[in-house]
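This is what each chain is made of:
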Amino acid sequence: MIKRFSLLVALLMTLSLAVTPVAAQGVDLDDPESMGIVGGYGRLYFAASVMDLMMSGEAPEAETLDGLADVYMIMVLGLEFASADIADENLDGFLCSMLASYLELETDVNSACDDVMEEGLELIDVEGLGDRAIESTVVMDEDPVLGFAGKLNLLLVRDGSTVYVFLHIGPGAEAGTADPLAAFLFSADPSDTEVVFDEDGGSTGGFFDMLPPADGPLLADFIPVADMDMGAELSAE
């Protein structure tokens, strides 16, 4: 179970880079600038009750999870693109490529949206968040964490050249699940404090100061388990 958890964290830390779509042009995935992403940060949370279960080292049965947590995993990313135009051009394709990755679809950046829609998924416009916001929900026969049937909700919000990604996984991950978290982030005062990075979920400054406090109502039942420095991930490609 610990090994599965470690693999999941590694997957999530690189997912957004591995499937990032770009405009229809030749792209060198070894060149971060060609993808349009120039940096950003993220944080991964687990519900405390599920985290305790996973860290026990025992593989839980599906019945064990009943009533344990409606949402057991949350990931929040703030990705900086080279320009607002590039972020805007790639918003739909970015969401569709992430969905296609989770659905294990054979596709490319130009056909990802057509392919996920053929699977019955919808891209829904969300009003009142940033310059544009879209979301979609996947019902999974097997989720990437515990292996049971579940749901994955993705909300992407563009604000200028920044794209915020909100990912929720769990039986209660429905349309609108991420709205309160997104609304909090957008109501927070921008922070220009220098980021002090801690990969174990304790980073401060900048993006991390905009996230809800651990003892607040939005994340009171969640534990930050990993922080992501997308700039460092990109430079390592």
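See the structure above.
Procedures and definitions
- Residues numbered from 1 in each chain as written.
- Predicted model: local features only at pLDDT ≥ 70, side-chain atom pairs only at ≥ 80, totals over all residues.
- Heavy atoms only, no water.
- Core = buried A, V, L, I, M, F, W, Y, C linked by side-chain atoms within 4.5 Å.
- Buried < 20%, exposed > 50% of the residue type's maximum accessible area, 1.4 Å probe, protein only.
- Helix = DSSP H or I, 4+ residues; strand = E, 2+ residues; numbered from the N terminus.
- Contact = heavy atoms within 4.5 Å.
- Polar contact = N/O pair within 3.5 Å; in protein donor to acceptor, adjacent residues only side chain to side chain.
- Pairing = 2+ DSSP bridges.
- Phe/Tyr/Trp six-rings, centres within 6.5 Å; stacked < 30°, edge-to-face > 60°.
- Disulfide = S-S within 2.5 Å.

1. Thoughts on the nonpolar core
Here comes step 1: Residues V76, L152, L154, L155, L156, V165 and F166 are the most contacted members of the largest nonpolar core, which totals 62 residues.
Here comes step 2: A per-element tally of this core places helix α4 (residues 84–103) first, with nine residues.
Here comes step 3: If we ignore the near neighbours within four places in the chain, the residues touching L154 are L95, M98, L99, I134, E135, S136, V165, F166 and L167.

2. Examining the side chain of R43
Here comes step 1: Within the element layout of this structure, R43 appears in strand β1 (residues 37–47).
Here comes step 2: Take R43: its relative accessible area is 8%, and that puts it in the buried class.
Here comes step 3: A distance of 2.7 Å separates the side chain of R43 from the side chain of D227, its partner in a polar contact.

3. Structural notes on the pairing of β1
Here comes step 1: Buried residues dominate β1, accounting for nine of its 11 residues.
Here comes step 2: Looking at chain direction, β1 and strand β2 (residues 73–81) are connected through nine bridges and run antiparallel. Counterpart to G39 in the pairing with β2 is E80.
Here comes step 3: Across seven bridges, the pairing between β1 and strand β7 (residues 222–229) is antiparallel. By the bridge assignment for β7, R43 is matched with D227.

4. Quick notes on the packing of aromatic side chains
Here comes step 1: Enumeration according to the criterion identifies four aromatic pairs in this entry.
Here comes step 2: Consider the rings of Y41 and F197, whose centres lie 6.5 Å apart with planes at 35°: the pair is tilted. Here Y41 is found in strand β1, whereas its partner F197 is found in the loop between α6 (179–187) and β7, with 156 residues between them in sequence.
Here comes step 3: On the basis of relative accessibility, which here comes to 36%, the residue F197 falls in the partly exposed class.
Here comes step 4: Each residue in the set Y41, F197, F207 and F208 is aromatic and connected to the rest through ring pairs, giving one cluster.

5. Focus: the side chain of R158
Here comes step 1: Within the secondary structure, R158 sits in strand β5 (residues 150–159).
Here comes step 2: At 3.4 Å, the side chain of R158 forms a polar contact with the side chain of D88.
Here comes step 3: Leaving out residues up to four positions away in the same chain, R158 has contacts with A84, A87, D88, L91, G130, D131, R132 and V163.

6. A word on the state of the cysteines
Here comes step 1: Taken as a whole and judged by the stated rule, the model has one disulfide.
Here comes step 2: Note that C96 is cross-linked by a disulfide to C113, the S-S spacing being 2.1 Å. Disulfide C96-C113: torsion about the S-S bond near 95°, hence right-handed. With a gap of 17 residues between them, C96 in helix α4 and C113 in helix α5 (residues 112–118) connect regions that are remote in the sequence. Across the pair, C113 and C96 agree in class, each one buried.

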